[in-house]
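Coordinates in review
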Amino acid sequence: MENFENESESQKPVAENINFESRLDLKKLQDGIAAVKAELSSVIVGQQKMIDQLLVAIMSNGHVLLEGVPGVAKTITAKLLARTLSIDFGRIQFTPDLMPSDILGTSVFDLKKSEFEFKKGPVFSNLILIDEINRAPAKTQAALFEVMEERQITIDAKTYLMDTPFLVIATQNPIEQEGTYRLPEAQLDRFLFKITIDYPKLEEEIAIIDREHKLQDHGKLDNIRKILSADDIKHYQTLVKQVIVEPQLLEYIAKIVINTRENGFLYLGASPRASIAILNAAKGFAALRGRDFVTPEDIKEAAIPVLQHRVIVTPEREMEGISSIEIIRQILESVEIPR
């Protein structure tokens, strides 16, 4: 009996000293993200969910579509985010007369060399802000297909690779229809997230007005510090890819996406690209919270911004005022969470 008690005593420290530390060193990533969020919050009032989603998109190497009515800080948010990153930034204002060559570049004949020389367009940068993306016609939209998906462009049978990181943040106004073109489904499918920006609450509106009043002659972006370099972003993107996902969670993602294809309220369901997007975004949310493993909550948090622009509501349900977000929420509630 005495030996048994001694044996039990010796086993206690072993159980108490079990180490559950993260298998990935996410400390620098978290510190960097916290510093970027602090800079963004010095200008942007509220919108913490949007800021988190933008940062997850960057860590997951995905493009973002920002949708909201004029004046809700879509453009300023993208510019502000670019200021916190030590990477090249380009802005393209989309208009109905914009041509593909205005974005990608064009070959110009050099009289001295007697040969054509390729002049790079504004898309050759690390972070691209496309303002009012739905104002350009289909021909110009199609020019973005290759560069957004494959991070390269092909002109005159030559392929030009984009520098890494390469990220697109596009804005659009969902209300105004005059002089706009509906984005093709193939274009929408290339955005990791669609982030919908709502009007601020009363307290936030007061804070916005107060902050603007106190600025006087100072610019909003004057005191923004650069936090992350291109190498930092590439390193963090590599870390995010290594976040662990259990097999039952992979099945959970697949069930959610397949449910969008079998749902009677949806005319068009999500493609396998959506499954991959949820996987990558869920890893990003996990890393943002300092975890090296994905939970069902990460997947549910990623599902709406990933899926809402990839599915189409049937005309009957749309006439009833049912949105894609509501249907996705119903799907998330109906699919059993793995234990």
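So, here's what we can say about the structure.

Thresholds, definitions, all that
Residues numbered from 1 in each chain as written. Predicted model: local features only at pLDDT ≥ 70, side-chain atom pairs only at ≥ 80, totals over all residues. Heavy atoms only, no water. Helix = DSSP H or I, 4+ residues; strand = E, 2+ residues; numbered from the N terminus. Buried < 20%, exposed > 50% of the residue type's maximum accessible area, 1.4 Å probe, protein only. Contact = heavy atoms within 4.5 Å. Areas by Shrake-Rupley, 256 points an atom, 1.4 Å probe, with all protein chains shown as cover. Patch = residues over 30% accessible without salt bridge, like charges linked within 9 Å, V, L, I, M, F, W, Y side chains within 5 Å. Salt bridge = Lys/Arg side-chain N within 4 Å of Asp/Glu carboxyl O. Core = buried A, V, L, I, M, F, W, Y, C linked by side-chain atoms within 4.5 Å. Phe/Tyr/Trp six-rings, centres within 6.5 Å; stacked < 30°, edge-to-face > 60°.

A few words now on the overall build of the protein chain. When helices and strands are counted, the protein chain shows 14 helices and 13 strands. In the protein chain, which comprises 339 residues, the share counted as buried stands at 47%. Considering only contacts in the protein chain between residues 6 or more positions apart, those separated by 24 or more positions represent 78%. Here the protein chain has roughly 18300 Å² of accessible surface; of this, 52% comes from carbon and sulfur atoms.

Here the focus is the environment of phenylalanine 166. Note on placement: phenylalanine 166 falls in the loop between strand E8 (158-161) and strand E9 (167-172). Along the sequence, phenylalanine 166 and alanine 287 sit 121 residues apart, while their C-alpha atoms lie 20 Å from each other. Apart from the residues lying within four places of it in its own chain, the contact partners of phenylalanine 166 are Asn61, His63, Val123, Ser125, Asn126, Ile128, Val147 and Arg151.

Among the surface-exposed residues, Phe109, Leu111 and Phe116 lie close enough to one another that they form a single nonpolar patch of about 380 Å² accessible area. Within the secondary structure, leucine 111 sits in the loop between strand E4 (105-110) and strand E5 (115-120). We classify leucine 111 as exposed; its relative accessible area is 70%.

Between threonine 164 and the following residue, proline 165, the backbone shows a cis peptide bond with an omega angle of -5°. If you trace the backbone, proline 165 turns up in the loop between E8 and E9. With a phi angle near 55°, aspartate 156 is a residue other than glycine that sits in the positive phi range. One can find aspartate 156 in the loop between strand E7 (152-155) and E8.

Another point: the nonpolar core. With 75 residues, the main nonpolar core has Phe193, Ile299 and Leu307 as its most contacted residues. Among the elements that take part in this core, helix H11 (residues 272-288) stands out by supplying ten residues, more than any other. When near neighbours in sequence (up to four residues on either side) are disregarded, isoleucine 299 contacts Leu249, Tyr252, Ile253, Ile256, Ile278, Ala282 and Val294. The next biggest cluster of nonpolar side chains, apart from the first, holds 27 residues, and it includes Ile92, Leu104, Ile128 and Ala143.

The subject of this paragraph is the environment of alanine 143. Tracing the sequence through the fold places alanine 143 in helix H6 (residues 138-150). For the pair alanine 143 and serine 101, spaced 42 residues apart in the sequence, the C-alpha separation amounts to 8.5 Å. Residue contacts for alanine 143: discarding those within four places in its chain leaves Pro100 and Leu104.

Summed over the entire model, instances satisfying the criterion amount to 16 salt bridges. Of the charged contacts, one joins glutamate 117 and lysine 119 as a salt bridge, the two residues approaching to 4.0 Å between their closest N and O atoms. For glutamate 117, a relative accessible area of 30% corresponds to the partly exposed category. The salt bridge partner of arginine 317 is glutamate 320, with a shortest N-O separation of 3.0 Å. The structure contains a network of salt bridges with shared partners spanning Glu149, Asp189, Arg273 and Arg310.

Before going further, it helps to spend a moment on the packing of aromatic side chains. Applying the stated criterion across every chain yields a total of three aromatic pairs. Residues phenylalanine 118 and tyrosine 160 carry aromatic rings whose centres are separated by 4.4 Å and whose planes lie at 20° to one another, so their mutual orientation is stacked. Linking phenylalanine 118 in strand E5 with tyrosine 160 in strand E8, this pair joins segments that are 42 residues apart in sequence. Judged by relative accessible area, phenylalanine 118 falls into the buried class, the value being 15%.

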